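# Topology and contacts: notes
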Amino acid sequence: KQEVTQIPAALSVPEGENLVLNCSFTDSAIYNLQWFRQDPGKGLTSLLLIQSSQREQTSGRLNASLDKSSGRSTLYIAASQPGDSATYLCAVSDNQGGKLIFGQGTELSVKP
Amino acid sequence: DAGITQSPRYKITETGRQVTLMCHQTWSHSYMFWYRQDLGHGLRLIYYSAAADITDKGEVPDGYVVSRSKTENFPLTLESATRSQTSVYFCASSPNYGYTFGSGTRLTVV
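This section reports on the structure supplied with the text.

Conventions used here
Residues numbered from 1 in each chain as written. Chains lettered and ligands numbered in written order. Predicted model: local features only at pLDDT ≥ 70, side-chain atom pairs only at ≥ 80, totals over all residues. Heavy atoms only, no water. Helix = DSSP H or I, 4+ residues; strand = E, 2+ residues; numbered from the N terminus. Rg over C-alpha atoms; globule rule 2.2 N^0.38 Å. Buried < 20%, exposed > 50% of the residue type's maximum accessible area, 1.4 Å probe, protein only. Contact = heavy atoms within 4.5 Å. Areas by Shrake-Rupley, 256 points an atom, 1.4 Å probe, with all protein chains shown as cover. Lys, Arg positive; Asp, Glu negative; His and termini not counted. Charge placed at Lys NZ, Arg CZ, Asp CG, Glu CD. Disulfide = S-S within 2.5 Å. Pairing = 2+ DSSP bridges. Axes fitted to C-alpha atoms, helices over the stretch in contact; angles between N-to-C directions. Buried area = accessible area lost by both parts, 1.4 Å probe. Salt bridge = Lys/Arg side-chain N within 4 Å of Asp/Glu carboxyl O. Nonpolar A, V, L, I, M, F, W, Y, C, P; charged D, E, K, R; others polar.

### With respect to the overall build of chain A
Counting secondary structure elements, chain A contains 0 helices and 11 strands. Mapped in sequence order, the helices and strands of chain A form the string β-β-β-β-β-β-β-β-β-β-β. Relative to its length of 112 residues, chain A is compact, with a C-alpha radius of gyration of 13 Å against a globular reference of 13 Å. By its C-alpha atoms, chain A is 40 × 25 × 20 Å across when sized along the principal axes. The buried share of chain A, reckoned over its 112 residues, is 41%. If you take every contact in chain A between residues at least 6 apart in sequence, the share linking residues at least 24 apart comes to 54%. Total accessible area computed for chain A in this model is approximately 5300 Å², and 46% of it derives from carbon and sulfur atoms. Charge separation in chain A, taken as the distance between the mean sites of 9 positive and 10 negative side-chain charges, equals 3 Å.

Laid out in C-alpha cells, this is it:
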C-alpha cells in the first residue's frame with residue numbers, strides 16, 4: 001500500500017529565506033507526483049506536476065524534483081514571501097487517471 | 001467559464017437525512033474523484049470514476065453513494081447522514097494525469 005510522508009509537519013521561516021519541503025513515498029512505481037497549495041478554509045491549488053519520466057519541474061520561484069528510485073520529492077521555494085504561507089501537500093498517483101494518495105502536508109509560515 | 005464547481009459551498013443537515021453534494025466539470029475529463037478532508041486524517045478518497053457509468057470505491061466509501069450518468073457530473077450522496085460525516089468534501093477531475101480540485105463543500109451534520 002502506497003504511503004506518502006511529508007516532513008516537516010510545520011515550518012516557520014523569516015521572509016527572504018530559501019526553503020525545502022520534503023515528500024517521501026513507499027512505492028517507487030508511481031505514474032506522477034503533484035504538489036498542491038492549500039490556504040486556510042480553501043481548496044487545493046495545483047503548483048507543479050512531475051510525470052514519472054521527469055526529474056524536475058519549475059514554475060517561477062518554485063522548483064520540484066523527483067527521485068523515483070529513492071522514493072523522494074522536494075519542493076524548493078526561493079526567496080520566500082509572507083504570501084507563501086499556506087499548507088503544502090504532496091500527492092502521488094500510481095497509474096493513468098489513478099487515485100491520488102496524499103501526504104499530511106507541511107504548514108508553512110513566512111514571517112515578515 | 002471552464003472549471004470544476006461544487007455546490008453547495010456550505011451545508012448543515014440533521015442526522016439521518018439524505019444529502020447530495022454536486023460536482024460539475026466543464027472539460028469533459030474522464031476521471032473524477034471525491035475526497036474528504038479531516039483534521040488528523042488528511043485527504044481520503046471516498047469514490048472515483050474512470051468514465052460515465054464506471055465508478056469504484058476508495059478508502060472510505062461506507063455511507064456514501066455516487067453516480068455518473070454524464071461525464072461532466074459526479075454527485076455524492078450521503079444516504080443517512082451521521083455526525084462522523086461532518087467534513088470538508090472535495091471533488092476533483094483529471095484528463096489522465098494532473099488533477100484539478102473544486103473549492104469544496106463544508107458539510108456539518110448536527
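Still more ground to cover, so stick around.
### Notes on the state of the cysteines
Residues and elements named next belong to chain A. Enumeration over the complete set of coordinates arrives at 2 disulfides over all chains. Disulfide pairing places Cys23 opposite Cys90 at an S-S distance of 2.0 Å. Sign of the S-S torsion, about -60° for the bond between Cys23 and Cys90, identifies this disulfide as left-handed. Of the two residues, Cys23 is situated in strand β3 (residues 19-25) and Cys90 in strand β9 (residues 86-93); the sequence distance between them amounts to 67 residues. An identical accessibility class is assigned to Cys23 and Cys90; each is buried.

### Considerations on the sheet that holds strand β3 (residues 19-25) of chain B
Residue and element names in this part refer to chain B. In spatial order, the strands read β1-β3-β8-β7; together these 4 strands make up an open sheet with antiparallel pairing. Of all the strands in the sheet, the pair left with one neighbour each is β1 (4-7) and β7 (64-66). Each strand of the sheet is rotated relative to its neighbour by a mean of 15°, with strand direction disregarded. Relative to strand β8 (residues 76-78), β3 runs antiparallel, the two sharing 3 bridges. Opposite Thr20, over in β8, you have Thr77 as the bridge partner.

### Considering the interface of chain A and chain B
The partner chain B presents 20 residues to the 22 residues of chain A that form the contact. Buried surface at the junction of chain A and chain B, both sides included, amounts to about 1600 Å², of which 54% is carbon and sulfur. Viewed at the interface, chain B and chain A are joined by 0 salt bridges. Within the residue set of the side of chain A that touches chain B, elements represented by two or more residues are β4 (32-38), β5 (44-51), β9 and β10 (100-102) of chain A. In the side of chain A that touches chain B, the residues fall into 7 nonpolar, 13 polar and 2 charged.

### A look at the environment of Asn95(A)
Among the structural elements, Asn95(A) can be located in the loop between β9 and β10. Setting aside chain neighbours within four positions, we find Asn95(A) in contact with Tyr31(A) and Tyr99(B).

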